Amino acid sequence: MNHLFRDLSLGHSRREPSKPTPLVIGSNGIAAELPSPLGQLDGQLADADLRVTAFEIFAAACRTSAGKPLSSHLTASLNHSESTNPNTANSPSSPALQRSLTSAAASKMKKALGLKSPGSGSKKSPGSLSGSGQGKSKKPVTLGDLMRTQMKIPETVDARVRRALLRISAGQVGRRIESVVVPLELLQQLKSSDFTDPQEYDAWQKRTIRVLEAGLLLHPRIPIDKSNISAQRLRQIINGAYERPLETGRNNESMQVLRSTVMSLACRSLDGLDACHWADGIPLNLHLYEKLLEACFDVNDEVSIIEDVDELMEHIKKTWPILGINQMLHNICFTWVLFHYFVRTGGVEMDLLSDANNQLSEVAKDAKATKDPEYAKILSSTLTSILGWAEKRLLAYHETFDRSNIEMMQGIVSIGVSAARILVEDISNEYRRRRKEEVDVARSRIDTYIRSSLRTAFAQKMEKADSSRRASKSHSNPLPVLVILAKDVGELAINEKQVFGPILKRWHPFAAGVAVATLHACYGNELKQFISGLSELTPDAVQILRAADKLEKDLVQIAVEDAVESDDGGKGIIREMPPYEAEAAIANLVKVWIGARIERMKEWVDRNLQQETWTPVESKEGWAPSAVEVLRIIDETLDAYFQLPIPMHPVLLPDLIVGLDKCLQYYVSKAKSGCGSRNTFMPTMPALTRCTVGSKFQGFGKKKDKSPSIQKKNSQVATVNGGNMFGVSQICLRINTLQQIRLQLESVEKRIITHLRNSESASSEDFSNNTGKTFDISPSACVEGIQQLCEAISYKIVFHDLSHVLWDGLYVGEPSSSRIDPFLQELERNLLLVSESVHERVRTRIITDIMRASFDGFLLVLLAGGPSRAFTRQDSPVIEDDFKALKDLFWANGDGLPLELIDKFSVTVRGIIPLFRADTESLVERFRRATLETYGSSARSRLPLPVTSGQWSPTEPNTLLRVLCYRNDEPASKFLKKTYNLPKKL
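What you see is a predicted model, and the numbers here were worked out from it, not measured in a lab.

Thoughts on the overall build of the protein
- Scanning the protein from N- to C-terminus turns up 39 helices and 2 strands.
- Scored against the burial criterion, the 986 residues of the protein give a buried share of 50%.
- Taking the contacts inside the protein whose residues are at least 6 apart along the sequence as the reference set, 78% of them involve residues at least 24 apart.
- Summed over its atoms, the accessible surface of the protein is roughly 46900 Å², and 51% of this surface lies on carbon and sulfur atoms.

Rendered as structure tokens:
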């Protein structure tokens, strides 16, 4: 066992005159505990239960050798003999002397290898003398005594177990221990009389039952089917035993059933060998074995390995057949126990850390030799726990280590990197899929530790700087703080190079370079934030920039020196350190200037819009004064920009153009807002109406809907929010303003090119294309705004301004006496006003929109005019003549819109008007066919009521139904009464 404790990794003396600072002491002063990675145990086995069970297994496995005298006891006896009988002591042939010499040599070897002698401290070894005379306690003289003491087992428990094992051995001579279910045999051999009181016996029996439950049901070596009868029976027995004690006599029926059930489950085998599987299931076996391995540590001084560790370990290994442990599982368990003791004793004993690291090298060999999934799972969990603990220290190693405990850091880095390498190279599937030379696990982890720890250290320096900043609140700008920070960062870099760099360079060839690159980035971020808050260059700002420049040179020098032997000469690290360029600082200041100008322009836009009245009389240029002012501000801003003494006009120009473009887009959005849209002015669709010859009209599907109230609602629908709407001339002024902005922007873009040609910093490439020098958003916003305003004014004129002659007048009552002429006269006056008011490039567009709105209004009167309207076939010539007159108004004998344009927008109306000339029977038939085509076979039994889509068409069911509803004749009334049960009369 001694070779497990050799220091193969650190290369330094294992003995230091002073103790390092504890790494894992909690706030309560107690060493922090690590959760076990060996797996979660189901059931109710406490830590003490596991320890006693492990001792019972050890006693059973070593029942023939537990009484062997310890070599250390023989040495002590010999020393005592020397003082009383010199003749015997000096006899070279004395067996006791030979064992003494051997023991002494072994003790010297442990000491040379760094194993701390348990007797060297102030604490007492197991069974050491605590006093003199009557107060002396016995020192362990046999292996069994030693194990009992180390595992804190009372002598009464030890004696009881030994007696039971003797009875078992007597009754099963020649039977191997691995074929014996120890707790089952103990249950039968030990009676209530073997215990001090019934309560102790009951507690022991329940603990033994829990062991059987854990080993055979909860964590079996061989998985159990849910349908296994023995497992079900054992579960019933265990549940019963929890309620009342088991009868365990040899001939007792319940005991025989228990034995039969337990042996049935324990003797299942995959390899055909004669062995019982009751304590070898994972993770139960690992937790039990962990308790045995912990016995190797001095119970009174946990940082020390006991003197008789070699003999003890030989006997612990005798439990392997029972526990299903092999050399690989032993290695991983022992690695964990060594590391765990290092942690629980405060993380200061380099011996334990080094021993764990050495043992981990054996684990690494095992990991490469096997791909067993169960082993891999245990290995991964254990290594993850070790790595997690190490990385908590290494990710902020500046807080944990310094010159006084730097050797400890080397040991923790070593074990952390070893664990990470095994996890990645031997467990990770991703690593196997990639080429191994692409992954350097150690370098990657060290890189992470360096960057993380230095970021944390830099943040602490920043906190110190922030405290200084808060202490100097009276100063308008605490600029010197960054100068102090630059000095502190420089000192931090030098300390990293001298103290930590040599340690970390073992795993990362450019450790110092990575460190200074990280510091460079951290300080660079703060420097950028500082510069972004400047409005101009000041003496303090220059001082900051000089300190930053000096720091940068020092950091770069360290990086170059660290990478002098690298293949690329350190270029890779230098690429991580973008320089603190003055030009970049100036550029940031210019961006601040641009931002301030843009914000000021937004305020000017809002102020000018608030003062804008959109009154044509006040607009001498024919467009809004606010737009004139906004464009003037844009020109002044561009002139001021090109007068700035900077060498980067072309580079930053796009930032300025984008800002101005957004301001202008904002103006356009405000200019078009509040004017409404098509939907704003379209009247509410009234209910379908039904009439009979000579009757009043009523709402479709309603009992009483008086005409006057419907008429009044419809005539007022377009005045919703009407108080905030602008007149026709005001909307025309807005349209003209947006059109003029489009035209003026073309001139502005030409002046920008001229400025660039006159700029010293511009090259021919800067003005050879328009990228970043044109307004992209506002021109399209102007086009969209003009379209919206043209549509809004068109539907406003038709449905709001002329609603009294269209919606409230056209074809109300008798169609022949309420024709379209009044509407045409009012519409013509509005067309003349619009034509004289809008820009010539927009005129055709807006007249076309008015025509489209007029056609929509004409159709709405015919198909949704409300209960005040009804038509006969004889009214069709009137409708056709009126629509022709409406088209002629826009054609204007060839001086208006082109006939092609008029025909394009009148297609729907021209398709629907012939329906008013058709006879009712043909309309009914067309309605039936259209409904069947739309709704399919479901409409054969009963025609459904078509929904109103608003998309009028001579083949659309709702359009045909509306023509029938407004048809004033008997056949239409009968059809609608029969089909939809509509009343014939009011």
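On we go.
Brief notes about the pattern of salt bridges
- Evaluation of the coordinates by the stated rule reveals 43 salt bridges.
- When the shortest N-O distance is used, the salt bridge between Arg207 and Glu56 registers 2.7 Å. Note that Arg207 is positioned in helix H8 (residues 198-218) and Glu56 in helix H1 (residues 47-61), a separation of 151 residues in sequence. Here Arg207 and Glu56 have matching classes, each one buried.

Some words on the packing of aromatic side chains
- Applying the stated criterion across every chain yields a total of 20 aromatic pairs.
- Ring centres 5.4 Å apart and planes at 85° place the aromatic pair Phe339 and Trp389 in the edge-to-face group. With Phe339 in helix H14 (residues 327-344) and Trp389 in helix H16 (residues 373-394), the pair connects residues that are 50 residues apart, well separated along the chain.
- Linked through ring pairs, Tyr811, Phe855, Phe858, Phe871, Phe883, Phe890 and Phe916 together constitute an aromatic cluster.

Examining the nonpolar core
- In terms of nonpolar packing, the biggest core is built from 164 residues, with Trp278, Ile316, Phe339 and Tyr523 touching the most fellow members.
- In this view, Phe339 contacts Leu34, Leu353, Ala356, Ile386, Trp389 and Ile415; residues no more than four positions away in its chain are not counted.
- Among the nonpolar cores identified, the runner-up in size contains 115 residues, and Val590, Leu653, Leu688 and Tyr966 belong to it.

Remarks on the side chain of Asn331
- Within the secondary structure layout, Asn331 lies in helix H14.
- Setting aside its immediate chain neighbours within four residues, Asn331 contacts Gln359, Glu362, Val363 and Asp366.

Observations regarding helix H11 (residues 284-294)
- In terms of burial, H11 is largely enclosed, as 11 of its 11 residues are buried.
- Taken residue by residue, H11 has Leu284, Asn285, Leu286, His287, Leu288, Tyr289, Glu290, Lys291, Leu292, Leu293 and Glu294 as its buried positions.

What about the environment of Arg445?
- Mapping Arg445 onto the fold places it in helix H20 (residues 441-471).
- The class of Arg445 is partly exposed, set by a relative accessible area of 22%.
- Sequence separation between Arg445 and Val413 is 32 residues, and the spatial gap between their C-alpha atoms is 9.5 Å.

Points about the layout of surface pockets
- Roughly 780 Å³ of volume is contained in the largest pocket.
- Contributing to the lining of the largest pocket are 35 residues, with Arg221, Asp280, Ile282, Gly324 and Glu374 lying nearest its centre.
- Listed by contribution, the elements that provide at least two residues to the lining of the largest pocket are H14 and H16.
- In terms of residue count, the dominant contributor to the lining of the largest pocket is H16 (5 residues).
- Its boundaries defined by the atoms lining it, the second largest pocket holds a volume of some 560 Å³.

What counts and how
- Residues numbered from 1 in each chain as written.
- Predicted model: local features only at pLDDT ≥ 70, side-chain atom pairs only at ≥ 80, totals over all residues.
- Heavy atoms only, no water.
- Helix = DSSP H or I, 4+ residues; strand = E, 2+ residues; numbered from the N terminus.
- Buried < 20%, exposed > 50% of the residue type's maximum accessible area, 1.4 Å probe, protein only.
- Contact = heavy atoms within 4.5 Å.
- Areas by Shrake-Rupley, 256 points an atom, 1.4 Å probe, with all protein chains shown as cover.
- Salt bridge = Lys/Arg side-chain N within 4 Å of Asp/Glu carboxyl O.
- Phe/Tyr/Trp six-rings, centres within 6.5 Å; stacked < 30°, edge-to-face > 60°.
- Core = buried A, V, L, I, M, F, W, Y, C linked by side-chain atoms within 4.5 Å.
- 1 Å grid on protein atoms, 1.4 Å probe; cavity = no way out; pocket = protein on both sides within 12 Å on 5 of 7 lines; lining within 4 Å.
- Points joined across faces, edges and corners; volume = space filled by probe spheres on them.

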